[in-house]
Amino acid sequence: MSGKRLAVIFTGALLLASCRGGDGAAPQEGTGGIKVDAGVTKEACPNAVDKSKGCIYLGTISDLTEGPFKTLAVPITDSQKAFWKRVNDKGGIGGYEVDVTKYVKDNKYNPQIHNQVYQEIKGSVLALTQTLGSPTTVAILPDLEKTPMVSVPASWTSLWGHQEVVLESGANYCVESMNAVDYATEKMGVKSVMAVHNAGDYGDDAAAGTKIAAEKRGLTFENVTTTAGQDNQGGAIDAVVSKKPDLVILTTGPTDAAVIIGQAAARGFKGKFIGTSPTWNPGLLKSPAAPAIKALYMQTAPWKSWGTESVGHTAMRAALPGVTPNDGYTAGWVWAYPLKAALEKAAANKDLTRAGVLAAVRQLTSVDYEGMLPSGAGNFSASPQDALFRQTTLYRPDDAAPTGVTLVEDFFTGSTAKDFKFEKPCYQ
């Protein structure tokens, strides 16, 4: 057991000993003799299926209006509403239903706004079913740990593997990029790689994985940071065109990715791009850059896309009839499973306090993702090294596919990720 876990367990014991929640809410006895504090009521949820059940309130903080990831964030949020409705339709958890509609806030992908709206809902929710963005979630991380508020990140930075209150799913950006470089080295014969990325925990994490794999494989490596905004990509495009790497690992928002790929191709660039998962949106195949994207681009992903046949994918599609397929829905659905597992474990332990949910997280040796991730995923009881999920998938653009991409490589782990010692977040 790591020192971090012992320290957190000791802190948790102190919290329990003081019998107070992190924001001063004294634990009470709730439905069925379960201990509860903030964010859990004996009164039914606003849209209850069964009005005799109490309510667990979960918060959502996402990029819902004007930030760079709104095309992903809105489907993520809608998918999680459908996920928890399915949980309620099947009887809820421990005599409670779950509400994810009352406390939904927009962060505009801004860390200051993220913290502000978190403070607004913090006292009213048991946990966060979504906190979108790496730099935005980092802004509230000290408070999440102190409270303690278990949270589901809508992001994949490797930092989450070292944070107990954060329930990540799938491989992080660092592993995703390692696997992309290993694949490109073995299958495409690349000799040089460039990381083009946003600054911060999102882009820097992917760039770190790219660099680790490039060094292990003996490839030349270039690092290019770019600022979000389609008018800010000139420097990145110039770097790609002038340096001519065989492979570019791209870690931006979708609109910026289209600008970089389209304009680099227009200026004669013939190398390949592989984008980390948030870089993609099916709308890119309707953009002016579509021909270049089809010719030069591939897409890594932490799990399989919307149209996949699994119990979880099938349930997701059934719960979201009539929507335009988007892998934001897939991500939102997958991300909710560990929190469901933690709440079920906490209810079985008769402790749905915030400290009780964190204690339940520590007992999760695996999570049932209903086939959306392979068995072995969702081990939150092990050390970061042993818990790290190292498998990713690879896709290529395809107009005929529901979300614009078709599977090229099923779940795989490259040699770099397989041997990697995960002692700290990759970008640190």
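In the nomenclature of an unreviewed UniProt entry, the protein chain is known as ABC transporter substrate-binding protein of Lentzea kristufekii.

This next bit is on the sheet that holds strand S12 (residues 272–275). Spatially, the seven strands line up as an open sheet ordered S10-S9-S11-S12-S13-S15-S16, and their pairing is mixed. Of all strands in the sheet, those bounded by a partner on one side alone are strand S10 (220–226) and strand S16 (405–412). Direction aside, neighbouring strands of the sheet carry axes that sit 20° apart on average. Summarising the sheet, strand S15 (residues 392–397) and S16 pair through five bridges and their orientation is antiparallel. Bridge pairing in S16 places Tyr 395 opposite Leu 407.

Vacant regions in the atomic arrangement are exposed by a probe of water-molecule size rolled over the atoms. Looking at the largest pocket, its volume works out to about 340 Å³. Gln 230, Gly 253, Pro 254, Thr 255 and Asp 256 are, among the 22 residues lining the largest pocket, the residues nearest its centre. Only helix H2 (70–89) and helix H9 (254–266) provide two or more residues apiece to the lining of the largest pocket. Among the elements that make up the lining of the largest pocket, the one with the highest residue count is H9 (seven residues). Its residues assigned to classes, the lining of the largest pocket comprises nine nonpolar, eleven polar and two charged.

The strands that make up a sheet are held in pairs by hydrogen bonds between backbone atoms, and each pair lies either parallel or antiparallel. The mixed open sheet is built from three strands, whose spatial order is S1-S2-S14. Of all strands in the sheet, those bounded by a partner on one side alone are strand S1 (28–29) and strand S14 (351–352).

Here Lys 216 shows up in helix H7 (residues 201–217). Since its relative accessible area comes to 44%, Lys 216 is described here as partly exposed. In contact with Lys 216, other than residues within four places in its own chain, are Ser 415, Thr 416 and Asp 419.

Take the side chain of Asp 351 next. Positionally, Asp 351 belongs in strand S14. Lys 35 is the oppositely charged side chain nearest to the buried, salt-bridge-free Asp 351, at an N-O distance of 4.2 Å.

This part covers the nonpolar core. By size, the foremost hydrophobic cluster in this structure holds 105 residues, and its most contacted members are Leu 58, Trp 84, Leu 128, Leu 339, Leu 343 and Leu 352. Examining the composition of this core, we find that 13 residues originate from one element, helix H12 (residues 327–348), more than from any other. In this structure, Leu 339 is in contact with Leu 58, Trp 84, Ala 127, Leu 128, Thr 129, Val 150, Val 152 and Leu 167, ignoring residues within four places of it in sequence. Ala 258, Ile 260, Ile 293 and Ala 301 belong to the second largest nonpolar core, which has 29 residues in total.

Turning our eyes to something else, we now look at the pattern of salt bridges. Using the criterion set out here, one finds 18 salt bridges in the structure. In this structure, Lys 211 engages Glu 215 in a salt bridge whose closest nitrogen and oxygen atoms are separated by 3.4 Å. Linking Lys 211 with Glu 215, this pair stays in helix H7, spanning four residues, or about one helical turn. What makes Lys 211 partly exposed here is its relative accessible area of 39%. Residue class for Glu 215 comes out exposed when judged on its relative accessible area of 53%.

For the rest of this paragraph, the subject is unusual backbone geometry. Residue Thr 147 is joined to Pro 148 through a cis peptide bond whose omega torsion reads -15°. With respect to the secondary-structure elements, Pro 148 resides in the loop between helix H5 (141–146) and strand S8 (151–154). In this structure, Lys 108 is a non-glycine residue whose phi angle is positive, near 50°. For Lys 108, a relative accessible area of 34% corresponds to the partly exposed category. In the Ramachandran plot, Lys 244 falls in the positive-phi region, its phi being about 50° despite a non-glycine side chain. Topologically, Lys 244 is positioned in the loop between helix H8 (234–243) and strand S11 (247–251). What makes Lys 244 exposed here is its relative accessible area of 59%.

Counted residue by residue, strand S9 (residues 192–198) has seven buried out of seven residues, so it is predominantly covered. Examined bridge by bridge, S9 and S10 share seven bridges and lie parallel to one another. Each bridged residue has a counterpart across the sheet, and for Met 194 the counterpart in S10 is Glu 222. Handedness of the crossover joining S9 and S10 through H7: right-handed. One ladder, built from five bridges, connects S9 with S11; its direction is parallel. For Met 194, the partnering residue across the bridge sits in S11 and is Val 248.

At their nearest, the axes of H8 and H9 sit 9 Å apart, and the two run at 40° to each other. Judged by the angle between their axes, H8 and H9 are oblique. Handedness of the H8/H9 crossing: right-handed. Counting all contacts with H8, which are made through Ala 236, Ile 237, Val 240 and Val 241, the residues of H9 involved are Val 259, Ile 260, Gln 263 and Ala 264.

Rules used in this analysis
Residues numbered from 1 in each chain as written. Predicted model: local features only at pLDDT ≥ 70, side-chain atom pairs only at ≥ 80, totals over all residues. Heavy atoms only, no water. Pairing = 2+ DSSP bridges. Helix = DSSP H or I, 4+ residues; strand = E, 2+ residues; numbered from the N terminus. Axes fitted to C-alpha atoms, helices over the stretch in contact; angles between N-to-C directions. 1 Å grid on protein atoms, 1.4 Å probe; cavity = no way out; pocket = protein on both sides within 12 Å on 5 of 7 lines; lining within 4 Å. Points joined across faces, edges and corners; volume = space filled by probe spheres on them. Nonpolar A, V, L, I, M, F, W, Y, C, P; charged D, E, K, R; others polar. Buried < 20%, exposed > 50% of the residue type's maximum accessible area, 1.4 Å probe, protein only. Contact = heavy atoms within 4.5 Å. Lys, Arg positive; Asp, Glu negative; His and termini not counted. Salt bridge = Lys/Arg side-chain N within 4 Å of Asp/Glu carboxyl O. Core = buried A, V, L, I, M, F, W, Y, C linked by side-chain atoms within 4.5 Å. Right-handed = clockwise from strand over helix to strand, strands pointing away. Parallel < 35°, antiparallel > 145°, perpendicular 65-115°, else oblique. Left-handed = near helix turned anticlockwise from the far one by under 90°.

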